[in-house]
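# Understanding the architecture of this molecule
Chain by chain, the residues:
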Amino acid sequence: MTAVLHPAAAPPLSHPGDVAADGCPQRDVTLFHDRPLLLDCGQVLSDVRVAYHTYGEAKADATLVLHALTGTSAVHEWWPDFLGAGRPLDPTSDYIVCSNVLGGCAGTTGAAELGDIPISLQDMARVGRALLEYLGITRVRVIGSSMGGLLAYAWLLECPDLVERAVIIGAPARHSPWAIGLNTAARSAIRAAPGGEGLKVARQIAMLSYRSPQSFAMTQTGQRTRGVPAITSYLEYQGEKLLARFCEKTYVTLTQAMDAFQPTDAELRSIQAPVLAVGISSDVLYPAGEVREQAALLPRGTYWELDSIHGHDAFLMDAQELPDVVRDFLHG
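Residues numbered from 1 in each chain as written. Predicted model: local features only at pLDDT ≥ 70, side-chain atom pairs only at ≥ 80, totals over all residues. Heavy atoms only, no water.

### Observations concerning the sheet that holds strand β12 (residues 301-306)
Counted only if it meets this: Strand pairing requires that DSSP identify at least two bridges connecting the strands. Helix and strand assignments follow DSSP, with helices taken as H or I runs no shorter than four residues and strands as E runs no shorter than two, numbered in order from the N terminus. To obtain each axis, a line is fitted to C-alpha atoms, and for helices this fit is confined to the stretch in contact; angles are then taken between N-to-C directions over 0 to 180 degrees.
Judged by pairing direction, the sheet is mixed, and its eight strands sit side by side in the order β1-β4-β6-β5-β7-β8-β11-β12 without closing on themselves. Of all strands in the sheet, those bounded by a partner on one side alone are β1 (27-31) and β12. When strand polarity is set aside, the average angle formed by the axes of neighbouring strands in this sheet is 25 degrees. Relative to strand β7 (residues 139-145), strand β5 (residues 61-66) runs parallel, the two being bridged by six bridges. Bridging across to β7, Leu66 finds its partner in Gly144.

### Focus on the side chain of Arg174
For clarity, the cut-off: For this analysis, a polar contact is any N or O atom pair within 3.5 Å, provided that within protein one partner can donate a hydrogen and the other can accept it, and provided that sequence-adjacent residues contribute only side-chain to side-chain pairs. We call two residues contacting when some pair of their heavy atoms lies within 4.5 Å.
Mapping Arg174 onto the fold places it in the loop between β8 (163-169) and α5 (177-192). A polar contact of 2.7 Å, which involves the side chain of Arg174, links it to the backbone oxygen of Pro263. A distance of 2.7 Å separates a polar atom in the side chain of Arg174 from a polar atom in the side chain of Asp265. With residues near it in sequence (within four places) discarded, Arg174 still touches Leu150, Phe261, Gln262, Pro263, Thr264, Asp265, Leu268, Glu290 and Gln294.

### Looking at the nonpolar core
Selection criterion: The set of buried Ala, Val, Leu, Ile, Met, Phe, Trp, Tyr and Cys residues whose side-chain atoms join them within 4.5 Å is what this entry labels a nonpolar core. For every residue, the accessible area obtained with a 1.4 Å probe (protein chains only) is divided by the maximum for its type, and the residue is called buried under 20%, exposed over 50%, and partly exposed between those limits.
Counting 78 residues, the largest nonpolar core has Leu102, Met124, Leu131, Tyr153, Trp155, Leu156 and Tyr251 as the members making the most contacts within it. A total of nine residues in this core trace back to one element, the largest contributor, which is helix α3 (residues 121-135). Residue contacts for Leu156: discarding those within four places in its chain leaves Val163, Ala166, Ile168, Ile271, Ala273 and Val275. In terms of nonpolar packing, the next biggest core, distinct from the first, is built from 24 residues, Val75, Ile280, Leu322 and Phe329 among them.

### Details of unusual backbone geometry
A positive phi angle, close to 55 degrees, is found at Ser146, a residue other than glycine. Inspection of the secondary structure puts Ser146 in the loop between β7 and α4 (147-158). Phi is positive for Gln320, close to 50 degrees, though the residue is something other than glycine. With respect to the helices and strands, the residue Gln320 is situated in the loop between α12 (314-317) and α13 (322-330).

### Brief notes about the packing of aromatic side chains
Basically, it comes down to this: A pair of aromatic rings is counted whenever rings of Phe, Tyr or Trp (Trp by its six-membered ring) have centres within 6.5 Å, and the orientation is called stacked for planes under 30 degrees apart, edge-to-face for over 60 and tilted otherwise.
Considering all chains together, one arrives at five aromatic pairs under this definition. Judged by centre distance (5.9 Å) and plane angle (65 degrees), the ring pair of Phe216 and Tyr234 falls under edge-to-face. Of this pair, Phe216 sits in helix α7 (residues 213-219) while Tyr234 sits in helix α8 (residues 230-243), and the two are 18 residues apart along the sequence. In terms of burial, Phe216 and Tyr234 fall into one category: buried.

### So, the environment of Phe82
For Phe82, the position within the fold is in the loop between α1 (75-78) and β6 (96-99). Among the residues examined, Phe82 registers a relative accessible area of 0% and is labelled buried. Distance in space between the C-alpha atoms of Phe82 and Asp324 is 9.2 Å, their sequence separation being 242 residues. Discounting residues that sit within four places of it in the chain, Phe82 has contacts with Arg87, Pro88, Leu89, Ile143, Ile169, Phe315, Ala319, Leu322, Pro323 and Val326.

### Looking at the pairing of β6
Side-chain alternation along β6 places Ile96 and Cys98 on one buried face and Val97 and Ser99 on a second face that is also buried. Of the pairings in the sheet, the one linking strand β4 (residues 48-55) to β6 comprises four bridges and is antiparallel in character. Bridge pairing in β6 places Tyr52 opposite Ser99. Pairing between β5 and β6: three bridges, direction parallel. Its bridge partner lying in β6, Leu64 is registered against Val97.

### A look at the environment of Leu285
For Leu285, the location among the structural elements is in the loop between β11 (275-280) and α11 (288-295). Taking relative accessible area as the criterion, Leu285 reaches 6% and is therefore assigned buried. The sequence separation of Leu285 and Ala106 amounts to 179 residues, and the corresponding C-alpha distance is 25 Å. For Leu285, the contacting residues outside a window of four places in its chain are Trp178, Ala179, Leu182, Ser209, Tyr210 and His312.

This is the structure in structure tokens:
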């Protein structure tokens, strides 16, 4: 479906190497103004607002970054190890684009505006494709981690003509019963205590799955406040921090979309683009063996494992040689 642009919208230009917060402002555009977006659920959306960041000089081929569940389009804020001169996302030579997903709460049309309309990862990819058309981009290298990795699989299936190659970090091709169960518990907490308390509990559940027992044994032993275990203080802080910046309806909508994304083995075997799938040795949310087994179904899949005790979040807090591996694959 071709996006029809809001008449007031104009393509942005950014500057090579500019990754400082004041040099890469968030922009937004309204898409599907005259022709609506048909969602997988059968409903349609018009005037979809998309918030995004770009880095580097605009060109027809780009690197598309797909953010995690509670992430935003501001890559410079959450992935500094990957963005910059000589890094995998190099604005001195590449055009880099990241948008907040449909249903998000960082500028794009969000779950609070959608009401009870369910969305899918494929819907998110279609909105992303419309943004690329708006920006004049015809080919992309895709990189996504966690939810962004699941979304990368949706892009590979939904937009095979656009995706040149993909890097998928710390994510399977589909959610297991274990991952769905964790999300179900998180959503139940939100529904049981709407208005914020449930979201804080959901975040605590998620944080336990984002790290490993060994990681917490190293970083959260003892007490920071007298009589309160360090892990308790840590989880309470993480819940409060997410509540200050995130929307509980977005949390429900996005986790439901993740759980519903269940491509078959046959669909995975149909993917023809080269794919680098990265597992994390201590990941309890998306075990490395699960990532490896599903990557083996890809005709041009390559598997690499990050050896870290820090669990799922190691791609953020203990990347080690991962940036070099990703850079070589993206530009190989």
